[in-house]
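Notes for the structure review
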Amino acid sequence: MPIPQLRTRAEATDYQETSRSADVVAFIDTLVGQTKLAKRVDFGQSGEGQPLISLVISDRNCFTPELAQKQKKIIVMVEANIHAGEVEGKETLLGLARDLTLTPLGKKLLDKLCLVFVPNFNPDGNDRISPGNRALDLKNLEGQVNPPGGVGTRYTGEGWNLNRDNMKQEAPETRSLAKLYQAWWPHLFVDCHTTDGSIHAFDLTFDIPHGNAELFHLSRDYNRELAERVSAAVKKKHGFDSFWYGNFLKEGDPRSGWHTYPALPRFGSHYRGLLGRLDVLLETYSYIDFPRRCAVIRAWVLELIRDAARYAKDYRTATSFEESAIIARGKSPDVKDLVGINYGVPHRNAEGALVFDYPAYVLGKDIATINSFDEASIEGRRYPGKRRKAYKSPHYRTFVPTHAVSTPSAYLVPASLAARLEGHGIHFEKLATAQRFQVDSYRIARREQTFSPDVAANVPAPGENEVPLSQKPKPVRFETILTVAAERSEREFPAGTLKVPTDQRTGTLATYLLEPHSDDGFCRWQFLDDSLTVGELYPIHRVVEATRAPLKVE
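Bear in mind the structure is a predicted one, so any value in this text is a computation, not a measurement.

Turning our eyes to something else, we now look at the packing of helix H2 (residues 21-34) against helix H4 (residues 88-102). Angle between the axes and distance between the axes are the two parameters that describe a pair of packed helices. Two elements in contact, H2 and H4, have axes whose closest approach is 10 Å; the angle formed by their N-to-C orientations is 10°. Here H4 runs roughly parallel to H2, going by the angle between their axes. Within the contact between the two elements, H2 uses Val24, Phe27, Ile28, Leu31 and Gln34 and H4 uses Lys90, Leu94, Gly95, Ala97, Arg98, Thr101 and Leu102. For the contact of H2 with H4, the per-class residue count stands at seven nonpolar, three polar and two charged.

In terms of nonpolar packing, the biggest core is built from 73 residues, with Trp184, Val413 and Tyr538 touching the most fellow members. If you tally residues by element for this core, the top one is helix H13 (residues 507-514), at five residues. Apart from the residues within four sequence positions on either side, valine 413 is in contact with Leu421, Thr497, Leu498, Val500, Leu514 and Ile540. Counting 69 residues, the second largest nonpolar core, distinct from the first, contains Leu94, Leu110, Leu141 and Cys192.

Attention now moves to the pairing of strand E3 (residues 74-79). Within E3, six of the six residues are buried, which leaves it mostly tucked inside the rest of the structure. Neither face of E3 is exposed, since Ile74, Val76 and Val78 on one face and Ile75, Met77 and Glu79 on the opposite face are all buried. Judged from the six bridges that link them, E3 and strand E4 (residues 113-118) form a sheet pairing that is parallel. Within E4, the residue paired with isoleucine 75 across the bridge is cysteine 114. Remark: the E3/H4/E4 crossover connection has right-handed handedness. In the sheet, E3 pairs with strand E5 (residues 188-195) via four bridges, with the strands oriented parallel. Each bridged residue has a counterpart across the sheet, and for valine 78 the counterpart in E5 is valine 190.

One pass over the full model with this rule turns up two cavities of 30 Å³ or more. Roughly 40 Å³ of volume is contained in the largest cavity. Together, His210, Gly211, Asn212, Arg220, Ala263, Pro265, His270, Leu274, Tyr343 and Tyr512 line the largest cavity. When its residues are assigned to classes, the lining of the largest cavity shows five nonpolar, four polar and one charged. Taken as a whole, the second largest cavity holds about 30 Å³ of empty space. Tallied by class, residues from the lining of the second largest cavity come to four nonpolar, two polar and one charged.

Taken together, the side chains of Val345, Tyr361 and Val400 present a nonpolar region at the surface, about 230 Å² in accessible area. Counting through the fold element by element, valine 345 comes out in strand E12 (residues 345-348). By relative accessible area, valine 345 is classed as partly exposed at 32%.

You can see serine 130 is positioned in the loop between helix H5 (123-126) and helix H6 (172-184). Reaching out from serine 130, the side chain makes a polar contact with the side chain of asparagine 465 at a distance of 2.4 Å. When neighbours within four sequence positions are excluded, serine 130 is seen to be in contact with Gly150, Val151, Gly463, Glu464 and Asn465.

A separate point is the packing of aromatic side chains. Each aromatic ring pair is characterised by the separation of its centres together with the angle its planes make. According to the stated counting rule, one finds 20 aromatic pairs in the structure shown. When the ring of tyrosine 181 is compared with that of tryptophan 185, the centres are 5.8 Å apart and the planes differ by 75°; the resulting orientation is edge-to-face. Residues tyrosine 343 and phenylalanine 399 carry aromatic rings whose centres are separated by 6.3 Å and whose planes lie at 90° to one another, so their mutual orientation is edge-to-face. Highlighted residues: tyrosine 343 in the loop between strand E11 (338-342) and E12 and phenylalanine 399 in the loop between strand E15 (388-396) and strand E16 (403-406), separated in sequence by 56 residues. A relative accessible area of 11% places phenylalanine 399 in the buried class. Within the aromatic cluster, the residues linked to one another by ring pairs are Tyr285, Tyr287, Phe373 and Tyr383. The positively charged end of lysine 168 is found above the aromatic ring belonging to tryptophan 525, 5.5 Å away from the centroid. Directly above the ring of tryptophan 244 sits arginine 224, whose terminal nitrogen or CZ lies 5.9 Å from the centroid.

Rules used throughout
Residues numbered from 1 in each chain as written. Predicted model: local features only at pLDDT ≥ 70, side-chain atom pairs only at ≥ 80, totals over all residues. Heavy atoms only, no water. Axes fitted to C-alpha atoms, helices over the stretch in contact; angles between N-to-C directions. Helix = DSSP H or I, 4+ residues; strand = E, 2+ residues; numbered from the N terminus. Parallel < 35°, antiparallel > 145°, perpendicular 65-115°, else oblique. Contact = heavy atoms within 4.5 Å. Nonpolar A, V, L, I, M, F, W, Y, C, P; charged D, E, K, R; others polar. Core = buried A, V, L, I, M, F, W, Y, C linked by side-chain atoms within 4.5 Å. Buried < 20%, exposed > 50% of the residue type's maximum accessible area, 1.4 Å probe, protein only. Pairing = 2+ DSSP bridges. Right-handed = clockwise from strand over helix to strand, strands pointing away. 1 Å grid on protein atoms, 1.4 Å probe; cavity = no way out; pocket = protein on both sides within 12 Å on 5 of 7 lines; lining within 4 Å. Points joined across faces, edges and corners; volume = space filled by probe spheres on them. Patch = residues over 30% accessible without salt bridge, like charges linked within 9 Å, V, L, I, M, F, W, Y side chains within 5 Å. Areas by Shrake-Rupley, 256 points an atom, 1.4 Å probe, with all protein chains shown as cover. Salt bridge = Lys/Arg side-chain N within 4 Å of Asp/Glu carboxyl O. Polar contact = N/O pair within 3.5 Å; in protein donor to acceptor, adjacent residues only side chain to side chain. Phe/Tyr/Trp six-rings, centres within 6.5 Å; stacked < 30°, edge-to-face > 60°. Lys NZ or Arg CZ within 6 Å of the ring centre and 35° of its normal.

Fair warning: the whole summary comes from geometry, so function is off the table for now.
Structure (structure tokens):
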């Protein structure tokens, strides 16, 4: 088949429609039949039984993590359509895969890189297409300029928001992607989205992992540097304007501040940041038209790939340093090295329910220059506005934990959590016999529950429109909040108890998942509810040291 005939559904319909999941499968299968530079690798099934497909692109038959490591290639994984109403990443990855393999575009790149594309991570939501999904509503600053044929839904067919599922892993799609990520262990992950929100004049906003910036200082500094470097390349080579992700602190007031999103690791970028890896979040602006959104995200993905090839040594240095640092913190725990595990500020709403804010702060004189429009256009929520204008504004993108802990050498964990630990690639051993340890434990003083917004939803029937966030869909998922007090003791733990060492590449993630104060851990997501009793001990313990039974006196 000649190259011009291999087109995405968006290309074939002049961007009037987006690809169905069957179109994605057909495109990938056709492409791999035409080139030796690409291979289809399925990595699971969706909640409704559709295949989850990755497309591996490289030369020298480098289609496995083992070969990529042997050939010393930088691994770049790109995910799209996690929210299946945000479809331009899906279309772009298909077209870019074609061009990297069937044209000279990838000639100087694939020798240094192994690319793993996941173009349709949410196939079930993708196929619930309706023109009313994500309908443009500037009054409420939501929705987008849709292709006339419509788009899919934010949630999966089972109702999960996959970009809030990284810590709890309730969706089969999330669990499958986690295994794929652990197998490939990419140096750089790119997550393709579309965002609405405040009126500005950028084509795309981008971000990197937040939270624990001091702990991961080398990779975070380099991650910021590479994102800004690529933003400049996209402007110079493709003409698109980009800036750090955010919204006005006070809507309608462009000088009030530019505020990024919460540092919760339920969001994929922050989750991967806990692993010390490089990560870039891409958010095309939903108020520009669909063809332009496809063009800008293509420019960004292409320039990120080029950047990874050009600076391969630096990518490898940054990620290797952080992986070694994580392992070292577990081998030689230092009480001064604190892991931020909670960034929430609690308060009560008008009904007395417990709710949380997750504020960012301005570090020093961190100033954002926001390209936008005249004040009347911003206040009137008109896009595009009458007159372009730039504003200097405080940049709220630094997070301060409300609770932080040191990394223990290990945790002692109930056997019931074995599968959940395995889902995150966290290694553990089972105690073969009862054993005594000196431990730091937590006594539960209070237990409450809070609603968890935009995590799960009731799914509309195929053909029906999803409920916009501004209409406050019915609460579906909740979180458990504990108040605890620490105490130290020597205790015996039975055979079968899981001992989770922290001197592993997932050691910092384990700390975030297992602590009772964590805003995104196993306790918070109600996986321990059956073993939580006020007045009793929290069932996970921090190891201070192993102890031996006293010698018998003859």
